[in-house]
Amino acid sequence: MYVRSGRAPDAKCPDCQAELSGVTGASPNPARNQPYTGAPTVCAYCGALLVFDSHLIPRKPTPEMEARLREQYPLIARLSADVRSSLFYRRAGLKNPAKENV
Ligand SMILES: [Zn+2]
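These lines cover the structure that appears in this document, whether it is placed above or below. (Residues numbered from 1 in each chain as written. Predicted model: local features only at pLDDT ≥ 70, side-chain atom pairs only at ≥ 80, totals over all residues.)

A look at the overall build of the protein
A tally of helices and strands in the protein yields 2 helices and 5 strands. When the elements of the protein are put in sequence order from the N terminus, they spell out β-β-β-β-β-α-α. A buried classification covers 16% of the 102 residues belonging to the protein. Considering only intrachain contacts with a sequence separation of at least 6, the fraction spanning at least 24 residues in the protein is 43%. (Helix = DSSP H or I, 4+ residues; strand = E, 2+ residues; numbered from the N terminus. Buried ≥ 20, exposed ≤ 12 C-beta atoms within 10 Å, placed from the backbone. Contact = placed C-beta atoms within 7 Å.)

Here you go:
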């Protein structure tokens, strides 16, 4: 696994409006370990599954496209679900049972 962090064009998450300027990629293929048009990504603040457009700005996919991406990229789908789960428990002031043994 090859992990790389860097900057992406400044943008806001279309779901939660958080400022997004950094990016971390993880892929077995270094050439695919950076933002590219059509690449899926996840907002670190709300867990929204997004897609980089041709200007490398993260956009909200259509529901059909999101369903296809979740099937095609199970790790991205899992990351999205984990961020949303963590956010849910944090907002509710509850301990996240998925993190009790970590
Ligand atoms: Zn967001």
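A look at the sheet that holds strand E3 (residues 40-42)
Remark on secondary structure: sheet strands pair via backbone hydrogen bonds, oriented parallel or antiparallel. Reading across the sheet, the 3 strands line up as E3-E4-E5 and stay open at both edges, with antiparallel pairing between neighbours. Each end of this open sheet is capped by a strand with a single partner; those strands are E3 and strand E5 (58-59). Looking at chain direction, E3 and strand E4 (residues 49-52) are connected through 3 bridges and run antiparallel. If you follow Thr41 over to E4, its bridge partner there is Leu50. (Pairing = 2+ DSSP bridges.)

Some remarks on unusual backbone geometry
The phi torsion at Gln17 lies on the positive side, around 70°, for a residue other than glycine. Structurally, the position occupied by Gln17 is in the loop between strand E1 (2-12) and strand E2 (19-27). Of note in the backbone geometry, Leu56 takes a positive phi value of approximately 65° without being a glycine. With respect to the element layout, Leu56 can be found in the loop between E4 and E5.

Overview of the environment of Tyr73
Relative to the helices and strands, Tyr73 is located in the loop between helix H1 (63-72) and helix H2 (74-92). In this structure, the C-alpha to C-alpha distance between Tyr73 and Pro40, residues 33 residues apart in sequence, is 8.1 Å.

Digging into the pairing of E4
Hairpin connection, E3 to E4: the antiparallel pair is bridged by 6 residues, and Gly47 has positive phi, about 85°. Joining the antiparallel neighbours E4 and E5 is a turn of 5 residues, in which Leu56 adopts a positive phi near 65°.

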